[in-house]
Amino acid sequence: MPNNSTAREEDTKADLANLVGDEKRALSALRELDQYIGSLRERFPNQLSILELTGSAKQGFIGALIRQNDFATAKTEIDQWHDMLEKLPKDGQRFKSIRERGQNSVKYLSTRLRDEQLRAELIGKPAFSLEGAVWVNGSPLDRDALRGKVVLLDFWAMWCGPCIN
């Protein structure tokens, strides 16, 4: 019979396994984790281990927000994380790596957020015209015939060896 600690660990593993594929539950759990670490950060503002946990929690939480297309909240979280990083003590080496890793993550997530917003704006918009396209080994396609289908267009040039292979 496992002791209570082992049983709790197994419950936690089971809970985490259940989150796979369930974005809403994952987002909720990540939000709770971010809030909990935030409360620890308020109590111990310059504790390195808590600041490192903050980075991991923020990445997961903001990534989940982006996957859920909650762009406004993701932007707010990114801005708040950036502001928190800017307020870290500037003197000494202690906080330099945390600040740099955090700034790299903020930059990455900002780019990812922008890209996902642009993709989301394309949904429901008409596709560009296929008139004038040169079709190799096939007849021209009609945009209306492709409506509702996923279409992959491969653009290449005759002078580009790797493109042709």
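For every chain, the first residue of the written sequence is number 1, and numbering continues from 1 onward in sequence order. At least 70 in pLDDT is required for a residue's local features to be given in this predicted model, at least 80 for side-chain atom pairs to be given and counted, and no such filter applies to totals for whole chains, interfaces and linings, which use all residues. Values shown for side chains rest on all heavy atoms present in the structure; no hydrogens or waters enter the calculation.

So, about the side chain of Ser 105. Within the secondary structure, Ser 105 is located in helix α5 (residues 96-122). Exposure is judged per residue with a 1.4 Å probe applied to protein chains only, and the accessible area is read against the type maximum: over 50% gives exposed, under 20% gives buried, and values in between give partly exposed. Residue Ser 105 is classed as buried on the basis of its relative accessible area, which comes to 12%. A distance of 2.5 Å separates the side chain of Ser 105 from the side chain of Gln 59, its partner in a polar contact. The contact partners of Ser 105, leaving out residues within four places of it in the chain, are Gln 59 and Trp 81. For the purposes of this entry, the term helix denotes a DSSP run of H or I that reaches at least four residues, the term strand denotes a run of E that reaches at least two, and both are numbered from the N terminus. In protein, a polar contact requires one atom able to donate a hydrogen and another able to accept it; more generally it is a pair of N or O atoms within 3.5 Å, and residues adjacent in sequence count only if both atoms are side-chain atoms. Any two residues whose heavy atoms approach within 4.5 Å are treated as being in contact.

Further remarks concern the nonpolar core. Within this scheme, the nonpolar core is defined by two criteria: the residues are buried Ala, Val, Leu, Ile, Met, Phe, Trp, Tyr or Cys, and they are joined through side-chain atoms within 4.5 Å. With 19 residues, the main nonpolar core has Ile 62 and Trp 81 as its most contacted residues. Of all elements in the fold, only α3 (48-67), α4 (71-86) and α5 reach the threshold of two or more residues within this core. Residues in contact with Ile 62, not counting those within four places in the same chain, are Ala 74, Glu 77, Ile 78, Trp 81 and Leu 109.

Within the fold, Ala 29 resides in helix α2 (residues 23-43). On the accessibility criterion, Ala 29 (34% relative accessible area) is partly exposed. Distance in space between the C-alpha atoms of Ala 29 and Phe 61 is 8.7 Å, their sequence separation being 32 residues.

Turning our attention to the pattern of salt bridges. Any Lys or Arg side-chain nitrogen found within 4 Å of a carboxyl oxygen on Asp or Glu counts as a salt bridge. All told, the structure shown has eight salt bridges when counted by the stated rule. Lys 58 is the partner of Asp 34 in a salt bridge, and the nearest nitrogen-oxygen pair spans 3.2 Å. With Asp 34 in helix α2 and Lys 58 in helix α3, this pair connects stretches of sequence that are 24 residues apart. Of the two residues examined, Asp 34 and Lys 58, each falls in the buried class. Between Glu 86 and Lys 90 there is a salt bridge, and its shortest N-O distance comes to 3.9 Å. If you follow the salt bridges from partner to partner, you end up with Asp 34, Lys 58 and Glu 77 in one network.

Moving on: the confidence of the model for the chain. pLDDT expresses how confident the predictor is about each individual residue, on a scale running from 0 to 100. Counting all residues, the mean pLDDT for the chain is 82, and 84% of those residues have values of 70 or more. The weakest mean pLDDT in the chain belongs to helix α1 (residues 4-19) at 57; the strongest belongs to α4 at 96.

On to the packing of α3 against α4, then. Between the N-to-C directions of two axes lies an angle of 0 to 180 degrees, each axis being a line fitted to C-alpha atoms and, for a helix, fitted only over the stretch in contact. The interhelical angle for the contact between α3 and α4, taken along N-to-C directions, is 160°, at an axis separation of 9 Å. The angle between α3 and α4 falls in the class roughly antiparallel. The crossing of α3 and α4 is left-handed. Residues Leu 51, Thr 54, Gly 55, Lys 58, Gln 59, Phe 61, Ile 62, Leu 65 and Ile 66 of α3 form the contact with α4, whose own contacting residues are Phe 71, Thr 73, Ala 74, Glu 77, Ile 78, Trp 81 and Met 84. Here the contact of α3 with α4 is built from residues that sort into 10 nonpolar, four polar and two charged. Reported orientations rely on four angle classes, namely roughly parallel under 35 degrees, roughly antiparallel over 145, roughly perpendicular from 65 to 115, and oblique for the rest. Crossing chirality is assigned from the near helix's rotation relative to the far helix, an anticlockwise turn below a right angle marking it left-handed and a clockwise turn marking it right-handed. By the convention adopted, Pro, Cys, Tyr, Trp, Phe, Met, Ile, Leu, Val and Ala count as nonpolar, Lys, Arg, Asp and Glu as charged, and the other residues, Gly among them, as polar.

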